[in-house]
Amino acid sequence: MALELYHHGSSVCAAKVRFALAEKGLPWTGHYVDILKGEQFEPEFLALNPKAVVPVLVHDGVVIVESTVICEYFEEIAPERPIYPRTPLARARVRVWTKAVDEELHPACSAITYAVSHRHTILRNGAGSFDEFLAAGVNEGTAARRRKWQWIQQGLEAPGVADQIRLYDAYLHKMEQSLRDANWLVGDDFSMADIAMAPYVNRLAALAMEGLWEGGRLPNVEQWFARVQQRPTFKPAFVDWLPQALAAELRANGQRSWPEVRALLAG
């Protein structure tokens, strides 16, 4: 089984796929795509995924895109060490979480990450004019590039970012409720629901925003995340692929923005 993954260290979607690979025990070869330098817009990568996003899986020469689809694909080709529950009802409950991640939480994570940290990296690398920025990412679409431009230029003051932070916090509270009587998001067995949510909680931790659950605010989420971090698959999926310089930058930028985020949620 020849599995090749095109990915980046700070991509939450790529981290989700790496986490699933680790939990399934599947060997893979990595191709690192530096999305902060715009390597996702190179012709060679666009030939794999015209949407210009990671991750991309290539299995024996066949291209598969979309992180949740990729994880489901792993379950199909390697049913050993399952990451989905056995019963239809439990699998449905897992998919409620994965659907929420794809449709709501991921866009919120993108807004927060760009507005808090990535904007500084991109501005340092040189974003150019809006027209240049738009042309460089034409495959993303004008509306998406315009939103990113606003995040880069205005940070947390950009339109809609405050609402995305509140949405993110609402999902943390949903997790808190789901974890009242169980160790994991869907019962007492670790599953794809936990794999899907872990990168998004980890992103907040990377941005020095552990205050969203620590200090007694969301104790069940705090304990859940500690259990996730203790899994032997966590470090190779998350820590090992995030360059130290980028990790330091994420944390420093997050610490600078945390007071404003905390005040927004308190208000």
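Residues numbered from 1 in each chain as written. Predicted model: local features only at pLDDT ≥ 70, side-chain atom pairs only at ≥ 80, totals over all residues. Heavy atoms only, no water.

### Details of the overall build of the protein chain
- Tallying secondary structure elements over the protein chain gives eleven helices and four strands in all.
- Taking 2.2 N^0.38 as the reference for a compact globule, 267 residues should give roughly 18 Å; the C-alpha atoms of the protein chain span a radius of gyration of 18 Å, in line with that estimate.
- Taking the principal axes of its C-alpha atoms as reference, the protein chain extends roughly 50 × 50 × 30 Å.
- Burial statistics for the protein chain: of 267 residues in total, 51% are counted as buried.
- For the protein chain, long-range pairs separated by at least 24 residues make up 71% of all intrachain contacts whose partners lie at least 6 apart in sequence.
- Entry remark: accessible area of the protein chain is about 12300 Å², with carbon and sulfur atoms responsible for 52%.
- Averaging the positions of the 28 positive and the 32 negative side-chain charges in the protein chain gives two centres separated by 3 Å. (Helix = DSSP H or I, 4+ residues; strand = E, 2+ residues; numbered from the N terminus. Rg over C-alpha atoms; globule rule 2.2 N^0.38 Å. Buried < 20%, exposed > 50% of the residue type's maximum accessible area, 1.4 Å probe, protein only. Contact = heavy atoms within 4.5 Å. Areas by Shrake-Rupley, 256 points an atom, 1.4 Å probe, with all protein chains shown as cover. Lys, Arg positive; Asp, Glu negative; His and termini not counted. Charge placed at Lys NZ, Arg CZ, Asp CG, Glu CD.)

### With respect to the sheet that holds strand β2 (residues 29-32)
- Pairing is mixed in the open sheet, where four strands are placed in the order β2-β1-β3-β4. Among the strands making up the open sheet, the edge pair consists of β2 and β4 (62-65). Going across the sheet, the axis of each strand differs from the next one's by a mean of 25°, ignoring polarity.
- Looking at chain direction, strand β1 (residues 3-7) and strand β3 (residues 56-59) are connected through four bridges and run antiparallel. In the strand pairing of β3, Leu5 is matched with Leu57. (Pairing = 2+ DSSP bridges. Axes fitted to C-alpha atoms, helices over the stretch in contact; angles between N-to-C directions.)

### Overview of the pairing of β1
- The element β1 is extensively covered by neighbouring structure, given that four of its five residues are classed as buried.
- Note: β1 against β2, four bridges, orientation parallel. Its bridge partner lying in β2, Glu4 is registered against Thr29.
- Regarding topology, helix α1 (residues 12-24) serves as the crossover connection from β1 to the parallel β2, and that connection is right-handed. (Right-handed = clockwise from strand over helix to strand, strands pointing away.)

### A few points about the nonpolar core
- Within the largest apolar cluster, 87 residues are counted, with the highest numbers of intra-cluster contacts made by Phe74, Leu172, Met175, Trp213 and Trp224.
- Excluding residues that lie within four positions of it along the chain, Phe74 makes contacts with Leu3, Val17, Ala20, Leu21, Lys24, Leu26 and Leu57. (Core = buried A, V, L, I, M, F, W, Y, C linked by side-chain atoms within 4.5 Å.)

### Details of helix α3 (residues 67-77)
- Within α3 the residues assigned to the buried category are Ser67, Thr68, Ile70, Cys71, Phe74 and Glu75. Seen end-on, α3 carries its buried residues on one side only, within an arc spanning 160°.
- Among the structural elements, β1, α1, β3, β4, α4 (88-125) and α8 (192-206) are those in contact with the buried residues of α3. (Arc of directions from axis to C-beta.)

### Considering α1
- Between the first and last C-alpha of α1 there are 18 Å, a value that for 13 residues agrees with the 18 Å anticipated at 1.5 Å per step.
- Burial of α1 is extensive: twelve of the 13 residues sit out of reach of the surface.
- Buried residues of α1: Val12, Cys13, Ala14, Ala15, Lys16, Val17, Arg18, Phe19, Ala20, Leu21, Glu23 and Lys24, and no others.
- Looking at the buried residues of α1, the elements they touch are β1, α3, α4, α8, α9 (219-230) and α10 (234-239). (Expected span 1.5 Å × (residues − 1).)

### Brief notes about the side chain of Asn220
- Turning to its location among the elements, Asn220 is positioned in helix α9.
- For Asn220, a relative accessible area of 18% puts it in the buried group.
- Filtering out sequence-adjacent residues up to four positions away, Asn220 remains in contact with Glu176, Leu179 and Arg180.

### Brief notes about the pairing of β3
- The alternating pattern of β3 places Val56 and Val58 on one face and Leu57 and His59 on the opposite face, and all of these are buried.
- Relative to β4, β3 runs antiparallel, the two sharing four bridges. By the bridge assignment for β4, His59 is matched with Val62.
- Following β3, the chain reverses through two residues before pairing antiparallel with β4; Asp60 in that reversal takes a positive phi of roughly 50°.

### Quick word on the side chain of Gln40
- Summarising the element assignment, Gln40 is placed in the loop between β2 and α2 (43-46).
- Within polar-contact distance, the side chain of Gln40 engages the backbone oxygen of Ile35 at 3.3 Å.
- If we ignore the near neighbours within four places in the chain, the residues touching Gln40 are Val33, Asp34, Ile35, Phe45, Leu46 and Ala52. (Polar contact = N/O pair within 3.5 Å; in protein donor to acceptor, adjacent residues only side chain to side chain.)

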